[in-house]
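Residue-level listing of the chains:
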Amino acid sequence: MKITRKQFFQLAGLSLIAVGAKKLIKGTGEAAASEGAAKTTRWGMAIDLEKCRQKEGCRSCINACHSAHNVPQFADRAHEVKWVWKQPFSDVFPFAQTQYTENRFASLPVLLMCNHCDDPPCQDVCPVDATWRTDDGVVTIDFHRCIGCRYCMAACPYGSRSFNWQDPRPAIATVNPDFPTRAKGVVEKCSFCEERLAKKSGPLCVEACEEKALVFGDLDQPDSEIRKVLRLRFALQRKPELGTGPSVYYLL
Amino acid sequence: MLLSQKALVGGRGYWLWITCLLLVVLAGLVCYLRQLAQGLVITGLSRDVTWGIYIAQFTFFVGIAASAVTVVLPYYLHDCKQFSRLTILGELLAISAVLMAVLFIIVDLGQPSRILNIVLHPQPQSVMFWDMIALSGYFLINIVIASGTVNAGREQVSPPSWIKTLAFISIPWAVSIHTVTAFLFSGLPGRSYWLTAILAPRFLASAFASGSALLILLSFMIRKLTAFDVGSEAPSKLAVILAYATAINVFFILAEVFTAFYSEIPDHEVGFEYLFIGLRSDYHLVPWMWLSFLLSLIALTLLLVPHWRTNSRLLVIACVCIFVSIWLDKGLGLIIAGFVPSPLGAITQYVPTLPEWTIVSGIWALGALVTTAFFKTAFSAWEGN
Amino acid sequence: MNDRPFIVAGLIVFVAIVTTPLWRGVTARNVVLAAPEIKLPAHEKQCVAPLNYMRASHMQLLEQWRDDVVRQQQPRYAAYNGRVYEKSLSKTCLSQCHGSRQEFCDRCHNYNGVAALNCWECHNDAPPAPRSTP
């Protein structure tokens, strides 16, 4: 049976519409099903700035994280790689204090890390889906997929991400054999210790803090420790007006 | 002889030019191999300033590519017959400009061997995905239009009618490639210098200005060096378009400055402060940004006065001024000011290193090489084998 | 006619390049002609998948494991023999059975010149002390 060009295109068009409709119906069906789904998890962290400042120059959390995760230590500030670090309050919350209120808070060290945003701009811009927010609220990186374009670093409003400008291995004092290193040319950042979360353990920084200044838990669980402490104390987030929905809170 | 083989035929001057370009390309390649081996540490980039001259040049040359529309639109949409020879040059220039833009992206990547991931794992929510689509499409459209036009020129017939259709499509497409490139920057919540709706219009205005200036300069150069003449009307008509584009570009810059400094919102001011005043003892961009502004004012004056605009020597000066001005603004200032100060208020100075400049020059030379080959082919087609 | 020397020279260069695999092996000095000997695990006779599958598709399995662990957060692998393993080249394959990459992976991979995906740029080939299965 001979088919004309017109008939072919009509058939093709109808098939395309049919396939599209099927996908649409299937998609809405799944969405409806998942709405009535079980409870969600959203990992978050609360950092008690008063407890954190008790020991001056303390770096227990930073050392625990960086040594376990094979984070390279570069002397050159321009090429440093850091997952967790401290900066003065006036750098982190520049407009929270004025010259009349500066004395007490300005020099307070604030622990900084990826905020594991609810709506991360880094996820939106990644052209290869190398970074995304998992279902339990951790913003993660697939180092195998990353092409090193650094768009995520431009998109992050918090400066949480670091790039491997060179091979990191020479700058790792002692390699932890239980955790991979990264290669040059990829972006990395705090992972909320995903590998430990999978084994029902908490992040290393939380464990390492001698002052117990870090509280980690499920923000979606009303009776979790983090929810309790957030009800008790006044908490700040970094740049909440940007709509990113950070999961890291700072208790004052 | 194949038409493209005409690019291999030339006098001593021609081959001297080609050899110099090839040497620069080679130097750039050697530096890039070093960058592949050692990583981007050989550049002046840092944790705070993560994009620099590579991405800035990408942006600039997407603009040059988009500027083909300044000749395509009048010629195809408004039947400006004077542009008949200039249009093909614009389209060929667009092809090499897109090539350069893509090369600048590739040399900026930390893991370039994984570049196909953009195609294998498409992410429509990322503007970079659409930039890839837009640039690839524009590249293909211009290749088809240019080869069709050049072949028709060789056969001394008028180009087939489907070329006109493709040219119509290329007009909004040209606008889209540079709009999408602007959207790469203007949708990022943490970068206040870029977070402005006027970024896309600013990009287009500066693209049309710098691109048409380049095209005018090239047509004068070609008239001097070869037998090909675009005619005397084409450059002067294009100069009028250039005048408008320059005026709009200056207006957009002043509009931005007004919003920043009248509102006195620190986040809005700080990018312009860094570029034009300096912040915390980092002034290294200040003289260049003022030079850029001064050059655009000189160019605008020369272009707005008809008596001066029609004087070829003054027109050449105006074109050089506006091209350099926009190169400084877009090819240097724009990107760096997005990263300074950093999200935590740090002022980190970015100065491209020598290997970085060498790689950039290598890509410039490759673009010049490709443009030369294209133009030589086109001239041969018109001069009748 | 004065192009002939160029054409002949070009042809010679072309033929030389194209036949490199044939003559380069003959002139190379460190040629090992016997098949490589790989170290087999002392106390395990069964791999995570049947031998023939592993011979043909171990790289595909590892890539699948990689995506499952990193992108789906699913680290447990239910093998064909009913046992459950952690999806990890270093911790399961090397640490529990095959020793080190020099004794196992590298033998065949170096011999065949197959090293496109360089796992060891990031992953540690020095396996931690052997531990029991989860």
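The sections below set out a description of the structure shown in this document. (Residues numbered from 1 in each chain as written. Chains lettered and ligands numbered in written order. Predicted model: local features only at pLDDT ≥ 70, side-chain atom pairs only at ≥ 80, totals over all residues.)

1. What about the overall build of chain B?
On a plain count of helices and strands, chain B comes out with 14 helices and zero strands. For 385 residues, the compact-globule estimate of 2.2 N^0.38 gives 21 Å, and chain B sits close to it at 21 Å. Dimensions of chain B along its principal axes, counting C-alpha atoms only, are 65 × 50 × 40 Å. Out of the 385 residues in chain B, the part that is buried amounts to 46%. Considering only contacts within chain B whose residues lie at least 6 apart along the sequence, 78% involve residues at least 24 apart. (Helix = DSSP H or I, 4+ residues; strand = E, 2+ residues; numbered from the N terminus. Rg over C-alpha atoms; globule rule 2.2 N^0.38 Å. Buried ≥ 20, exposed ≤ 12 C-beta atoms within 10 Å, placed from the backbone. Contact = placed C-beta atoms within 7 Å.)

2. Things to note about the interface of chain B and chain A
Opposite the 31 residues of chain B that make contact, chain A presents 38 residues. No other element matches helix H6 (residues 127-155) of chain B, which puts three residues into the side of chain B that touches chain A. When the residues that make up the side of chain B that touches chain A are grouped by side-chain class, the tally is 13 nonpolar, 15 polar and three charged. (Nonpolar A, V, L, I, M, F, W, Y, C, P; charged D, E, K, R; others polar.)

3. Considerations on unusual backbone geometry
Residue and element names in this part refer to chain B. That bond from Val340 to Pro341 is cis: its omega, -5°, falls within 30 degrees of zero. With respect to the helices and strands, Pro341 occurs in the loop between helix H13 (312-339) and helix H14 (354-382). For Gln156, which is not glycine, the phi dihedral falls at a positive 55°. By the element assignment, Gln156 lies in the loop between H6 and helix H7 (161-186). The phi dihedral of Arg280 is positive, around 45°, even though this residue is not glycine.

4. Some words on the packing of helix H9 (residues 233-263) of chain B against helix H10 (residues 266-276) of chain B
Residue and element names in this part refer to chain B. Across the interface, H9 lies against H10 with an axial gap of 8 Å and an inter-helix angle of 125°. In terms of orientation, H9 lies oblique with respect to H10. Seen along the crossing, H9 lies across H10 with a hand that is left-handed. Packed against H9, whose contacting residues are Val257, Thr259, Ala260, Phe261 and Ser263, the element H10 presents His268, Glu269 and Phe272 at the interface. Of the residues assigned to the contact of H9 with H10, the class counts are four nonpolar, three polar and one charged. (Axes fitted to C-alpha atoms, helices over the stretch in contact; angles between N-to-C directions. Parallel < 35°, antiparallel > 145°, perpendicular 65-115°, else oblique. Left-handed = near helix turned anticlockwise from the far one by under 90°.)

5. Notes on the sheet that holds strand E8 (residues 214-218) of chain A
All names here are of chain A. Read from one edge of the open sheet, four strands run E8-E1-E10-E9, paired in mixed fashion. Edge positions in the sheet fall to E8 and strand E9 (235-236), since each has one partner strand and no second. Where strand E1 (residues 43-48) lies against strand E10 (residues 248-251), four bridges are found, and the strand directions are parallel. Paired with Ile47 across the two strands is Tyr250, which belongs to E10. Against the sheet, helix H10 (residues 225-232) touches E1, E8, E9 and E10, its axis set at about 120° to E8. (Pairing = 2+ DSSP bridges.)

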